[in-house]
Amino acid sequence: LSPPMMVSYSEGYYTTAELTKAGWLCSIVYVLVEVLVLFFIGGMLLVLTINIVIQAIGKILEPVVPQFGFDAIAALVATLIINCIVSVYEYRQGKRLNSYILIADSLHTRSDIYVSLGVLLTLLGIKWGAPAWIDPLASLVVAGFIAHAAVEIIKSTSDILVDRAAVDLALI
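Presented here is a report on the structure given in the accompanying data block. (Residues numbered from 1 in each chain as written. Predicted model: local features only at pLDDT ≥ 70, side-chain atom pairs only at ≥ 80, totals over all residues. Heavy atoms only, no water.)

## Some details on the overall build of the protein chain
Now for step 1: Across its full length, the protein chain carries 4 helices and 2 strands.
Now for step 2: Ordered by position in the sequence, the α and β elements of the protein chain form the string β-β-α-α-α-α.
Now for step 3: Within the protein chain, the fraction of its 172 residues that count as buried is 26%.
Now for step 4: Taking the intrachain contacts of the protein chain between residues at least 6 apart in sequence as the baseline, contacts between residues at least 24 apart amount to 73%. (Helix = DSSP H or I, 4+ residues; strand = E, 2+ residues; numbered from the N terminus. Buried < 20%, exposed > 50% of the residue type's maximum accessible area, 1.4 Å probe, protein only. Contact = heavy atoms within 4.5 Å.)

If you want it as structure tokens, here you go:
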């Protein structure tokens, strides 16, 4: 039998068993922090959804025609392109690294894409003569997409907590 591996630190040495125990503890802490962050992201998306719905109701009660120029449309298109690239990259890296937080953040970025797309289509519609009520209607549709992303993040986080995501039932 070989002696246990020793790793030095400022006051002595860690054995292999101690390092294994520390690694296990770090893994648990990492998962707990990741779960808390995921719940925070999901919760913030729900807050965003409520805010969008409240603003849409206000615009239904008191319609306002948005004022904008070409620069606003160019900024929205640039934002859409960048967010699409970021969302796909984050999702792929999240799957590759088995990182729930990267996958959840890609869903959050995807909700940004829905918001930008909704705003862009609304602005173009108004520019081409659509009535002002199209703005709050588009806001409600976007709020639905964001709420769906929030529920998916919270649901997947709950699955992690109850080990539903850990084992594929088909393998049992």
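We are not done yet, so read on.
## Quick look at the packing of helix H2 (residues 70–97) against helix H3 (residues 100–127)
Now for step 1: The N-to-C vectors of H2 and H3 enclose an angle of 160°; their axes lie 8 Å apart at closest approach. Considering their axes alone, H2 and H3 lie roughly antiparallel with respect to each other. In the packing of H2 onto H3, the handedness of the crossing is left-handed.
Now for step 2: When its residues are assigned to classes, the contact of H2 with H3 shows 16 nonpolar, 8 polar and 5 charged. (Axes fitted to C-alpha atoms, helices over the stretch in contact; angles between N-to-C directions. Parallel < 35°, antiparallel > 145°, perpendicular 65-115°, else oblique. Left-handed = near helix turned anticlockwise from the far one by under 90°. Nonpolar A, V, L, I, M, F, W, Y, C, P; charged D, E, K, R; others polar.)

## Regarding the side chain of Thr49
Now for step 1: Within the secondary structure, Thr49 is located in helix H1 (residues 16–61).
Now for step 2: Classification of Thr49 as buried rests on a relative accessible area of 10%.
Now for step 3: Within the structure, the side chain of Thr49 is placed 2.9 Å from the backbone oxygen of Leu45, a separation counted as a polar contact.
Now for step 4: Leaving out residues up to four positions away in the same chain, Thr49 has contacts with Ala143, Ile146 and Ala147. (Polar contact = N/O pair within 3.5 Å; in protein donor to acceptor, adjacent residues only side chain to side chain.)

## Looking at the environment of Arg96
Now for step 1: Note on placement: Arg96 falls in helix H2.
Now for step 2: In this structure Arg96 comes out as exposed when scored by relative accessible area, which is 59%.
Now for step 3: At 2.9 Å, the side chain of Arg96 forms a polar contact with the side chain of Gln93.

## Section: a nonpolar patch on the surface
Now for step 1: A surface patch of nonpolar side chains, amounting to about 380 Å² of accessible area, comprises Ile57, Ile60, Leu61 and Leu140.
Now for step 2: Broken down by element, the residue count for the nonpolar patch peaks at 3 residues, all from H1.
Now for step 3: Summarising the element assignment, Ile60 is placed in helix H1.
Now for step 4: Overall, the relative accessible area of 49% leaves Ile60 in the partly exposed class. (Patch = residues over 30% accessible without salt bridge, like charges linked within 9 Å, V, L, I, M, F, W, Y side chains within 5 Å. Areas by Shrake-Rupley, 256 points an atom, 1.4 Å probe, with all protein chains shown as cover. Salt bridge = Lys/Arg side-chain N within 4 Å of Asp/Glu carboxyl O.)

## A short note on the packing of aromatic side chains
Now for step 1: Under the criterion given, the structure shown has 1 aromatic pair.
Now for step 2: Sitting over the ring of Tyr91, Arg110 keeps its end group 5.9 Å from the ring centre. (Phe/Tyr/Trp six-rings, centres within 6.5 Å; stacked < 30°, edge-to-face > 60°. Lys NZ or Arg CZ within 6 Å of the ring centre and 35° of its normal.)

## Concerning the side chain of Ser106
Now for step 1: For Ser106, the location among the structural elements is in helix H3.
Now for step 2: Here Ser106 falls in the buried class, since its relative accessible area comes to 0%.
Now for step 3: Polar side-chain contacts of Ser106 include one of 2.6 Å to the backbone oxygen of Ile103.
Now for step 4: Sequence-distant contacts of Ser106, defined by excluding residues within four places in its chain, comprise Ser87, Glu90 and Tyr91.

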